Amino acid sequence: MKMGVLALQGDFAEHVRILEQIGVTAVEVRLPLDLADIDGLIIPGGESTTIGKLAVRFGLMKPIRQLASTKPVWGTCAGAIFLARDARHSQPMLGLMDIAIKRNAFGRQAESFETDIEVPEIFTAEDSRSVHAVFIRAPLIESVGADVKVLARLSDGRIVAARQHNLLATAFHPELTGDDRFHRYFLTLGR
Ligand code: GLN
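The following refers to the structure shown. This one's a predicted model, so the numbers in the text were calculated from it and none came from an experiment.

**Overview of the overall build of the chain**
- The secondary structure content of the chain amounts to 5 helices and 12 strands.
- The C-alpha atoms of the chain give 15 Å as radius of gyration, which agrees with the globular expectation for 191 residues (16 Å, within 12%).
- A principal-axis box enclosing the C-alpha atoms of the chain has dimensions of 40 × 40 × 30 Å.
- Here the chain holds 191 residues, and the buried ones make up 52% of them.

Next up, the structure:
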């Protein structure tokens, strides 16, 4: 299996490292031809406006949308914003996932925080029901369409992870915690 990681900006190297740890060949995607032979794509955290502008400049918008019609695509944080239908902000968007997402939703004082969250859809074993989630100037998923399944919420109910068939969005960064279970879960979406 070969998994692509969009490597225009942001923490793509961390995703590459985890994929390699779990025995998956990681392909850094910068140009349309890099998308030719991969089984899915991860869009990393970083700065969604920058990632979007570079994706437009390098002609990646259409080929990524095409890839997403058959293969799994996962966005973490800025990547989740880029995947969304609506970010209430004018910037290049893939518009693939039927979610409305709010950038920098936690404001300035609480720009970054970490917390354990339950993801019952994915992690059911008693001893590992929750994941440690790192939020860095994170977005929130404000609403989801009928086709979208909510995977995780903060304790106050706000949505931080969702899936729409082969598309996955997390407001936090599983690539930063050393816990590879989210990546392993993502690999199953293409099967
Ligand atoms: N605040 C960034 C944005 O709006 C996302 C931050 C991140 O990816 N950690 O694009």
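**So, the pairing of strand β1 (residues 2-6)**
- Along β1, 4 of the 5 residues are buried, which leaves the element largely enclosed by surrounding structure.
- Note that β1 and strand β2 (residues 25-29) share 5 bridges and pair parallel. Each residue of the ladder has a partner; that of Lys-2, found in β2, is Thr-25.
- In this fold, the crossover linking β1 to β2 by way of helix α1 (residues 12-21) has right-handed handedness.
- Where β1 and strand β3 (residues 41-43) come together, 2 bridges link them in parallel fashion.

**Some remarks on the pattern of salt bridges**
- The tally for this structure, following the rule as stated, stands at 10 salt bridges.
- Through salt bridges with shared partners, one network takes in Asp-86, Arg-88 and Glu-142.

**Section: the environment of Gly-59**
- For Gly-59, the location among the structural elements is in the loop between α2 (48-57) and α3 (61-68).
- Residues Gly-59 and Arg-30, spaced 29 residues apart in sequence, show a C-alpha to C-alpha distance of 9.6 Å.

**What about unusual backbone geometry?**
- One non-glycine residue, Cys-77, adopts positive backbone phi at about 60°.
- Of note, Cys-77 is situated in the loop between β4 (73-76) and α4 (78-83).
- The backbone of Asn-104 sits at a positive phi, close to 45°, despite the residue not being glycine.
- By the element assignment, Asn-104 lies in the loop between β6 (97-102) and β7 (112-118).

**Looking at the site of the ligand**
- Every residue near the ligand is listed here: Gly-45, Gly-46, Glu-47, Ser-48, Cys-77, Ala-78, Ile-81, Arg-103, Asn-104, Ile-136, Arg-137 and His-173.
- Ala-78 has a polar backbone atom sitting 3.0 Å from an oxygen atom of the ligand.
- The contact in question runs from an oxygen atom of the ligand to an N or O atom on the side chain of Arg-103, over 2.7 Å.
- Summarising the interface, the protein chains cover 94% of the accessible area of the ligand, which totals 300 Å² for the free molecule.
- Residues belonging to the shell around the ligand are distributed by class as follows: 4 nonpolar, 5 polar and 3 charged.

About the cut-offs
- Residues numbered from 1 in each chain as written.
- Predicted model: local features only at pLDDT ≥ 70, side-chain atom pairs only at ≥ 80, totals over all residues.
- Heavy atoms only, no water.
- Helix = DSSP H or I, 4+ residues; strand = E, 2+ residues; numbered from the N terminus.
- Rg over C-alpha atoms; globule rule 2.2 N^0.38 Å.
- Buried < 20%, exposed > 50% of the residue type's maximum accessible area, 1.4 Å probe, protein only.
- Pairing = 2+ DSSP bridges.
- Right-handed = clockwise from strand over helix to strand, strands pointing away.
- Salt bridge = Lys/Arg side-chain N within 4 Å of Asp/Glu carboxyl O.
- Near = heavy atom within 4 Å.
- Polar contact = N/O pair within 3.5 Å; in protein donor to acceptor, adjacent residues only side chain to side chain.
- Areas by Shrake-Rupley, 256 points an atom, 1.4 Å probe, with all protein chains shown as cover.
- Nonpolar A, V, L, I, M, F, W, Y, C, P; charged D, E, K, R; others polar.

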